[in-house]
Amino acid sequence: MCKSNLALLFLTIGMCSQRLSIAVGNIFLGLALLTFFIILYDRHKQGLPLFKKEYLPYYKIYGIFLLLLIPSVLFAGTLKISFKNFMEMWIYRFMPFVLVTNLDYLDKFWKKCFLATIVYVGFDGAVCIIQLLTNHTDEAGRALGLGDGYLRFSSILVTLLAVALVFWLDKVDFPQKQIMPLCAIAMICGGIGVQSRGSWVVSAGIVFIVMLKYLGGSFKKVAAIVLCLACIIGITGTSQHFRERFCSIDNITTDRSNGDRIEGWKSAWVMFQDKPVVGWGLNQSNDAYRAKYRSKAETQGLNHFHNNYVEMAVNTGVFGFVGYLFLVIGWLWLHRDWRNGYNVAVCLSWLAFHAFGMIEYNVDLSASIKMLWFVMGMLACLRVNSEQTAQKD
């Protein structure tokens with residue numbers, strides 16, 4: 001096995017195992033990075049370019065985002081804490097994308113590793129719904145699949161759901177496409193098992209966009225999706241618990257999970273107004289929030305604001321907030337040509353993650369954000385190499 005394949009294998013194992021054990025996931029990520037550095041050294045000795053120029057547009061967008069975070073890192077909060085959080089959140093956790101896009105691409109092996117990841121997440125979702133059906137749940141009556149973290153798991157599920165659906169419905173060249181609908185159904189069922197209302201809303205939005213996109217060319221498959229969803233909704237609708245949970249999605253009075261988020265966002269607006277330029281420092285607003293800004297109506301004592309956009313505005317000010325919006329929109333703009341199925345998968349997976357980020361601070365959930373960058377890297381490689389193949393033909 002060549003070094004690039006070995007590095008990708010380590011990385012794939014790391015991405016799949018990190019929810020089981022973040023330590024094991026980081027060990028395999030470390031092995032992947034070590035192998036990657038050896039590859040870079042070999043390239044240097046041979047006088048070859050260290051990095052792939054085909055992916056430069058991605059790094060330009062991300063680089064501008066990082067530059068707009070620098071004022072907050074330097075001038076807000078405690079410098080040592082800001083620098084540590086910056087390196088961990090936006091450099092270390094970005095490494096899956098760096099690795100995937102700079103290894104020596106081998107089409108079959110890349111697709112096998114990506115297939116294994118999609119299947120594993122689908123299996124995780126299947127385990128989750130089985131746990132729910134067999135009452136192997138936690139004290140809150142919610143299942144977690146092969147790991148922990150309701151919102152961490154939900155974020156991963158919605159990120160991969162879009163990929164599975166697009167790979168099944170589109171004409172992109174990908175192995176074992178016939179099992180993609182099974183993976184998608186398992187992921188949707190996983191969302192039911194973990195009972196994240198945010199994942200229900202995001203999944204519904206993604207499925208709706210996918211159906212609109214592929215209705216003309218894949219009518220039978222879209223009809224099959226509608227039928228499966230109708231069955232899932234019909235079955236879960238027989239449960240009073242699920243009916244009540246669904247109806248509580250917009251309840252911001254008696255449901256404090258929702259109501260406290262709103263109260264926290266109100267306080268966040270005041271905090272932003274007090275330090276609008278560079279914010280309070282990366283992940284350093286919580287102490288001030290609890291001491292001075294927390295509303296009496298907020299009952300849980302939130303550790304963060306459960307919203308990427310609010311967190312970026314409060315913690316990094318106007319500079320960081322604009323940078324984050326630039327990253328989100330710039331990534332979508334880079335994949336605006338939906339004639340390429342890989343672009344569709346990128347956009348919908350990216351949208352799913354950042355839409356879910358409106359109810360959870362998922363850019364700071366290690367397993368979730370690393371999985372996102374892994375998925376983005378794999379899709380970027382598939383997209384670039386499919387375009388290069390088309391040009392040769």
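Just above sits the structure.
The next point concerns the pattern of salt bridges. For side chains of opposite charge, pairing can occur when their charged atoms come near one another. One pass over the full model with this rule turns up 12 salt bridges. One salt bridge connects aspartate 364 with arginine 93, and the closest N-O pair in it is separated by 3.0 Å. Of this pair, aspartate 364 sits in the loop between helix H15 (341–356) and helix H16 (366–392) while arginine 93 sits in the loop between helix H4 (79–91) and helix H5 (95–102), and the two are 271 residues apart along the sequence. One salt bridge in this structure joins glutamate 263 and lysine 266, with 3.6 Å as the shortest N-O distance. With a gap of 3 residues between them, glutamate 263 and lysine 266 both fall in helix H12 (residues 256–274), about one helical turn apart. Its relative accessible area of 15% is what places glutamate 263 among the buried residues. The network of salt bridges with common partners includes Lys84, Glu88, Arg93 and Asp364.

Our focus in this paragraph is helix H13 (residues 286–293). For H13, every residue scored as buried is listed here: Asn286, Ala288, Tyr289 and Tyr293. The buried residues of H13 occupy an angular sector of 160° when the element is viewed end-on, so they sit on one face. Away from its buried face by more than 90 degrees, H13 exposes Asp287 and Ala291. In this structure, the buried side of H13 is in contact with H12.

Burial of nonpolar side chains together is a common tendency in soluble globular proteins. Ranked by internal contacts, the top residues of the largest apolar core, which has 110 residues, are Trp90, Phe114, Ile118 and Phe167. Filtering out sequence-adjacent residues up to four positions away, phenylalanine 167 remains in contact with Phe114, Ile118, Val172, Phe174, Lys177, Met180, Tyr342, Ala345, Leu379 and Leu382. Residues Tyr289, Tyr293, Leu302 and Phe305 belong to the second largest nonpolar core, which totals 10 residues.

Before going further, it helps to examine a nonpolar patch on the surface. A cluster of nonpolar residues, Leu67, Ile70, Leu74, Phe75, Leu79, Phe83 and Met87, forms a patch on the protein surface that exposes about 720 Å² of accessible area. Of all the secondary structure elements, the ones that give two or more residues to the nonpolar patch are helix H3 (56–75) and H4. Structurally, the position occupied by phenylalanine 75 is in helix H3. Note on phenylalanine 75: relative accessible area 64%, which makes it exposed.

Let us look at H5. Counting buried residues along H5, 8 of its 8 residues qualify, which places the element largely inside the surrounding structure. Of all the residues in H5, the buried ones are Met95, Pro96, Phe97, Val98, Leu99, Val100, Thr101 and Asn102.

If you add up the space inside the largest pocket, you get close to 710 Å³. If you trace the largest pocket, you find 28 residues lining it, with Arg197, Ser257, Asn258, Arg261 and Ile359 closest to the centre. Put simply, the parts of the chain that give the lining of the largest pocket at least two residues each are helix H7 (150–169), helix H9 (197–214) and H12. With 5 residues, the single largest contributor to the lining of the largest pocket is H12. Volume-wise, the second largest pocket comes out at about 600 Å³. Lining the second largest pocket are 22 residues, and of these Ile192, Trp200, Ile233, Thr236 and Phe246 lie nearest its centre. Looking at the lining of the second largest pocket, the elements with two or more residues in it are helix H8 (180–194), H9, helix H10 (219–237) and helix H11 (240–247). Here the element with the most residues in the lining of the second largest pocket is H9; it accounts for 8 residues. Split by residue class, the lining of the second largest pocket holds 16 nonpolar, 5 polar and 1 charged.

This part is about empty space enclosed by the protein. The tally for this structure, following the rule as stated, stands at 2 cavities of 30 Å³ or more. The space that makes up the largest cavity amounts to roughly 60 Å³. Around the largest cavity, the lining residues are Met15, Cys16, Gln18, Arg19, Tyr120, Val121, Asp124, Phe153, Ile156 and Met371. With 3 residues, the top contributor of residues to the lining of the largest cavity is helix H6 (residues 107–133). Here the lining of the largest cavity is composed, by residue class, of 7 nonpolar, 1 polar and 2 charged. In this model, the second largest cavity occupies a volume close to 30 Å³. Lining the second largest cavity are Trp90, Tyr324, Leu327, Trp350, His354, Val363, Ile369, Leu372 and Trp373. Within the residue set of the lining of the second largest cavity, elements represented by two or more residues are helix H14 (308–334), H15 and H16. It is H16 that contributes the most residues to the lining of the second largest cavity, 3 residues altogether. In terms of residue class, the lining of the second largest cavity is made up of 8 nonpolar, 1 polar and no charged.

Each value, and the rule that gives it
- Residues numbered from 1 in each chain as written.
- Predicted model: local features only at pLDDT ≥ 70, side-chain atom pairs only at ≥ 80, totals over all residues.
- Heavy atoms only, no water.
- Salt bridge = Lys/Arg side-chain N within 4 Å of Asp/Glu carboxyl O.
- Helix = DSSP H or I, 4+ residues; strand = E, 2+ residues; numbered from the N terminus.
- Buried < 20%, exposed > 50% of the residue type's maximum accessible area, 1.4 Å probe, protein only.
- Arc of directions from axis to C-beta.
- Contact = heavy atoms within 4.5 Å.
- Core = buried A, V, L, I, M, F, W, Y, C linked by side-chain atoms within 4.5 Å.
- Patch = residues over 30% accessible without salt bridge, like charges linked within 9 Å, V, L, I, M, F, W, Y side chains within 5 Å.
- Areas by Shrake-Rupley, 256 points an atom, 1.4 Å probe, with all protein chains shown as cover.
- 1 Å grid on protein atoms, 1.4 Å probe; cavity = no way out; pocket = protein on both sides within 12 Å on 5 of 7 lines; lining within 4 Å.
- Points joined across faces, edges and corners; volume = space filled by probe spheres on them.
- Nonpolar A, V, L, I, M, F, W, Y, C, P; charged D, E, K, R; others polar.

Honestly, it's all geometry; don't read function into it.
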